[in-house]
Amino acid sequence: MAVSLAPLDPNQTHGEAPAHTAEMARLRDEVFLLETLMDNSPDSIYFKDLESRFTRINRYAAERFGVGEPAQAVGRTDFDYFTDEHATQAFRDEQEIVRTGLPLVNVEEKETKPDGGVRWVSTTKMPLRDSAGRIVGTFGVSRDITQRKEFEDQLERQAFFDTLTHLPNRALFMNRLQHLFHRARRAETDLVFAVLYLDIDRFKGVNDGLGHQAGDDLLVEIARRLERCVRPSDTLARLGGDEFTILLEDIASEVDATRIADRIQRELSTPFLVHGQELFSSASVGIALSSSSYQRPEDMLRDADIAMYRAKAGGRSRHQVFDADMHQRAVSLLRLETDLRRAIERGELVPYYQPIIDLATRTLRGFEALARWRHPTRGMVMPDVFIPVAEETGLIGPIGDFMLLESCRQMRKWQDLHPRTPPLCISVNVSTRQLAQTDVAEQVRRVLLETGLAPACLTLEITESALMQNLKSGAGVIQRLHEMSVRLHVDDFGTGYSSLSYLHNFPVHTLKVDRSFVSRMEDAPNQAEIVKAIVSLAQNLGMEVTAEGVETNAQADALEDLHCTSAQGFLFSRPLPAADAERLIVDGIPPY
């Protein structure tokens, strides 16, 4: 709209004056209305000439520019109020509008002032024309959208960044990995990249020992150190918990990835100071390379995860590069887990019984119950195959419950059929997970009541490492079991912490010497000395000793000379199904 204010004509007749005066009044009202609208608008409104100099701005724009009155901006440009970057872009936009006559609608601009202040605006700019239609400048309206942009940024950070470490999260990591997959498909030459999957070793101990706040603080410190190990072009992300991933872009070969893994171990080897306490950390690292012809980003991350678990199983604080065999093993373990869940439902698990022999009299004292799995297609599956899977998946609980009930029921049945003095006893293994359950003592009580087995005829075997991992929770459980007259054996003694303190703190009845020591007694004198020391320690503490893995008469004789109380092993019998074990009760142990 072109507005022209013509002056009063002195030659105008007296009769025409009222009409002219009325028109002038109307025009003044319109100008007043337009000025009122401009100066009370919540948006910045401004006019510029052909050289992008301000010819008029409203009061809101004056406040935004930091000038007292709108008239002070006349003749100035954006370079007087904003940094060169924004001012230059504004000038280019306006010159393009002047050249083409085309408007610029709802463009988001970042306005940065010389003092560093930043505002975001949504701007519409149009050509300004005179009454003849010629472009004489530009006209713009800018609405402040800073609050909206900050909210959007907050949402983006919540969606794509970890709130604790401020690293990218899984969603952003997968987005960048997907983008790299697309780049690799478009590239004319092979683009090599790698995914590193990191799990912090023994992190649970920090949470358990110092609390979750200390664990969070340690994760933040680890994140900062990991940042020092990667290039700006790489992506370091936290997937959750104590797991991190790194996307290495444009590497030359596997060597570059393993070099980063080694650098990570060196960086983490320096102690951390958390809550006034010095902590040491390391990471197990799995590496997957793009050269494996992956079709999906998810598969690459999965394989890096598999390789990480192989690294952890190999001794922690190391790295492992994924190969195809690992995937086959992972698939096999997944099938094994599925079959194991069904095995419990279908009753495919059965107890086998290995006799425990009194070395002084060479007579039967009882049995240790050992789980066996009669798989419908694999045949007999041994415990060293499925027990680790059961431990990891939590299935060890139902398996342990089944073994406890069935072995107590079987021993009570044998006692009724073949009474003797003293009565035969049954030993049942208790896992780390079971020991951590607060109701395990009550569960044992229910099983004893249901089967009618005397508590003194039940022995629970707990590994040394499991006992040490559950010192606090296990102490109360073991004390309640002791008060019930249930016996406690420490299995695999000498292979774990071998701390004498818990032998005094817990009511331990028997130490079981691990088969690794017994098997080398004849060939390695130092191993025989270890067995001798364990037997002597037990005797001094009023405990008995059972030796595992006895396979030769020489081992049995040597153990007897050391006054070892009892033994078990292939020399006497392999683990047997219930019917065959019962024949040993009736006929006795065959000569060996």
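See above for the structure.
Reading the values: the criteria
- Residues numbered from 1 in each chain as written.
- Predicted model: local features only at pLDDT ≥ 70, side-chain atom pairs only at ≥ 80, totals over all residues.
- Heavy atoms only, no water.
- Helix = DSSP H or I, 4+ residues; strand = E, 2+ residues; numbered from the N terminus.
- Rg over C-alpha atoms; globule rule 2.2 N^0.38 Å.
- Buried < 20%, exposed > 50% of the residue type's maximum accessible area, 1.4 Å probe, protein only.
- Contact = heavy atoms within 4.5 Å.
- Areas by Shrake-Rupley, 256 points an atom, 1.4 Å probe, with all protein chains shown as cover.
- Lys, Arg positive; Asp, Glu negative; His and termini not counted.
- Charge placed at Lys NZ, Arg CZ, Asp CG, Glu CD.
- Phe/Tyr/Trp six-rings, centres within 6.5 Å; stacked < 30°, edge-to-face > 60°.
- Lys NZ or Arg CZ within 6 Å of the ring centre and 35° of its normal.
- Patch = residues over 30% accessible without salt bridge, like charges linked within 9 Å, V, L, I, M, F, W, Y side chains within 5 Å.
- Salt bridge = Lys/Arg side-chain N within 4 Å of Asp/Glu carboxyl O.

## Side note on the overall build of the protein
When its secondary structure is counted, the protein shows 21 helices and 21 strands. Computed over C-alpha atoms, the radius of gyration of the protein comes to 41 Å, more than 25% over the 25 Å expected from 2.2 N^0.38 for 592 residues, which places it beyond the range of a compact globule. Structurally, the protein occupies a C-alpha span of about 145 × 55 × 50 Å along its principal axes. Scored against the burial criterion, the 592 residues of the protein give a buried share of 44%. Restricting the contact set of the protein to residue pairs at least 6 apart, pairs at least 24 apart contribute 61%. Surface summary for the protein: the accessible area is close to 30800 Å², and the carbon and sulfur share equals 52%. Both charge centroids of the protein, one from 67 positive and one from 88 negative side chains, sit 2 Å from each other.

## A short note on the packing of aromatic side chains
This structure, assessed with the given rule, holds 11 aromatic pairs. Relative to Tyr81, the ring of Phe65 lies with its centre 4.7 Å away and its plane at 10°, an arrangement referred to as stacked. Linking Phe65 in helix 2 (residues 59-65) with Tyr81 in the loop between helix 2 and helix 3 (84-100), this pair joins segments that are 16 residues apart in sequence. Given a relative accessible area of 5%, Phe65 falls into the buried group. Assessed through its relative accessible area of 7%, Tyr81 is described here as buried. The structure contains a cluster of three or more aromatic residues connected by ring pairs, namely Tyr46, Phe54, Phe65, Tyr81 and Phe82. The residue whose ring lies beneath Arg157 is Phe161, and the NZ or CZ to ring-centre distance is 4.2 Å. The ring of Phe272 has Arg225 lying over it, and the distance from NZ or CZ to the ring centre is 3.6 Å.

## Comments concerning a nonpolar patch on the surface
Residues Leu33, Leu34 and Leu37 make up a contiguous nonpolar surface patch of about 300 Å² in total accessible area. You can see Leu33 is positioned in helix 1 (residues 17-39).

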